[in-house]
Amino acid sequence: MTEQTPGSDQRTPAQRLVGDLAPKLAELTDDVLFGDVWARPELSPRDRSLITCAALIANGNTEQLRGHLARGVGNGLTETEIVEVITHLAFYAGWPRAMSAAAVAKEVFPVRSDDA
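No experiment lies behind these values; they were computed from the predicted model shown.

Turning our eyes to something else, we now look at the overall build of the protein chain. Across its full length, the protein chain carries 6 helices and 0 strands. The order of α-helices and β-strands along the protein chain, N terminus first, is α-α-α-α-α-α. Expressed as a percentage of its 116 residues, the buried residues of the protein chain come to 24%. For the protein chain, the accessible area works out to roughly 8,100 Å², and carbon and sulfur atoms hold 57% of it.

With 17 residues, the main nonpolar core has Ile57, Leu65, Leu69, Ile82 and Ile86 as its most contacted residues. Taken together, the elements giving at least two residues each to this core come down to helix H3 (45-59), helix H4 (62-74), helix H5 (79-90) and helix H6 (95-108). Looking at which element gives the most residues to this core, the answer is H5, with 5 residues. Not counting residues up to four positions away in its chain, the partners in contact with Leu69 are Cys53, Ile82, Val104, Ala105, Val108 and Phe109.

Inspection of the entire model under this criterion finds 2 aromatic pairs. Here the aromatic rings of Phe91 and Trp95 are separated by 5.4 Å at their centres, their planes lie at 90°, and the arrangement is edge-to-face. Over the ring of Trp38 we find Arg71; its NZ or CZ atom is 5.2 Å from the centre of that ring.

A word on the pattern of salt bridges. Counting across every chain of the model gives 6 salt bridges. Between Glu27 and Lys24 there is a salt bridge whose closest N-O contact spans 3.2 Å. Residue Glu27 and its partner Lys24 are both found in helix H2 (residues 23-34); the two are separated by 3 residues, about one turn of the helix. Put simply, Arg46 and Glu81 hold a salt bridge, and the shortest N to O gap is 2.6 Å. Of the two residues, Arg46 sits in helix H3 while Glu81 sits in helix H5, which places them 35 residues apart along the sequence. Residue classification places Arg46 among the partly exposed residues on the basis of a relative accessible area of 26%. Here the salt bridges do not stand alone but share partners, grouping Arg46, Asp47 and Glu81 into one network.

This brings us to the packing of H4 against H6. In contact at an axis separation of 9 Å, H4 and H6 are set at 45° when each is read in the N-to-C sense. Judged by the angle between their axes, H4 and H6 are oblique. The way H4 lies across H6 gives a crossing that is right-handed. Across from Thr62, Leu65, Arg66, Leu69 and Ala70 in H4, the residues of H6 making contact are Ser100, Ala101, Val104, Ala105, Glu107 and Val108.

Our focus in this paragraph is the confidence of the model for the protein chain. Residues at a pLDDT of 70 or more form 89% of the protein chain, whose mean pLDDT is 91. Taking the mean pLDDT of every element in the protein chain, the minimum, 94, falls on helix H1 (residues 13-18) and the maximum, 98, on H3.

Quick look at H4 now. The end-to-end C-alpha distance of H4 is 19 Å, a good match for the 18 Å that 13 residues give at a rise of 1.5 Å each. Inspection of H4 places Leu65, His68, Leu69 and Gly72 among the buried residues, and these make up the whole buried set. Residues of H4 that are buried sit in contact with H2, H3, H5 and H6.

So, how was this worked out
- Residues numbered from 1 in each chain as written.
- Predicted model: local features only at pLDDT ≥ 70, side-chain atom pairs only at ≥ 80, totals over all residues.
- Heavy atoms only, no water.
- Helix = DSSP H or I, 4+ residues; strand = E, 2+ residues; numbered from the N terminus.
- Buried < 20%, exposed > 50% of the residue type's maximum accessible area, 1.4 Å probe, protein only.
- Areas by Shrake-Rupley, 256 points an atom, 1.4 Å probe, with all protein chains shown as cover.
- Core = buried A, V, L, I, M, F, W, Y, C linked by side-chain atoms within 4.5 Å.
- Contact = heavy atoms within 4.5 Å.
- Phe/Tyr/Trp six-rings, centres within 6.5 Å; stacked < 30°, edge-to-face > 60°.
- Lys NZ or Arg CZ within 6 Å of the ring centre and 35° of its normal.
- Salt bridge = Lys/Arg side-chain N within 4 Å of Asp/Glu carboxyl O.
- Axes fitted to C-alpha atoms, helices over the stretch in contact; angles between N-to-C directions.
- Parallel < 35°, antiparallel > 145°, perpendicular 65-115°, else oblique.
- Left-handed = near helix turned anticlockwise from the far one by under 90°.
- pLDDT = per-residue confidence, 0-100.
- Expected span 1.5 Å × (residues − 1).

Right, dumping it as structure tokens:
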């Protein structure tokens, strides 16, 4: 295990989320999902983020959406593009799922002001 300085947490997000309960799940998340699948060169990280956010929205998985929206922005998606995905999916995945995703996006993204 990595030595940690007091007050720091060197664990991965998966380790923090489920590592104490399901260490193998955290390991597979780190090593296979993010260490292999997300690293494959056939799709860019931006495209993988777009696809992942769309799948999470379509399936109503708002718990994981929070982190993937932030990851998507880090991978080059704009807030405008993400909002457009949510709007587009309202017609294919359902209005309630789009509204739930919009509520999550509102929590993740800074509040915009028309007065600014």
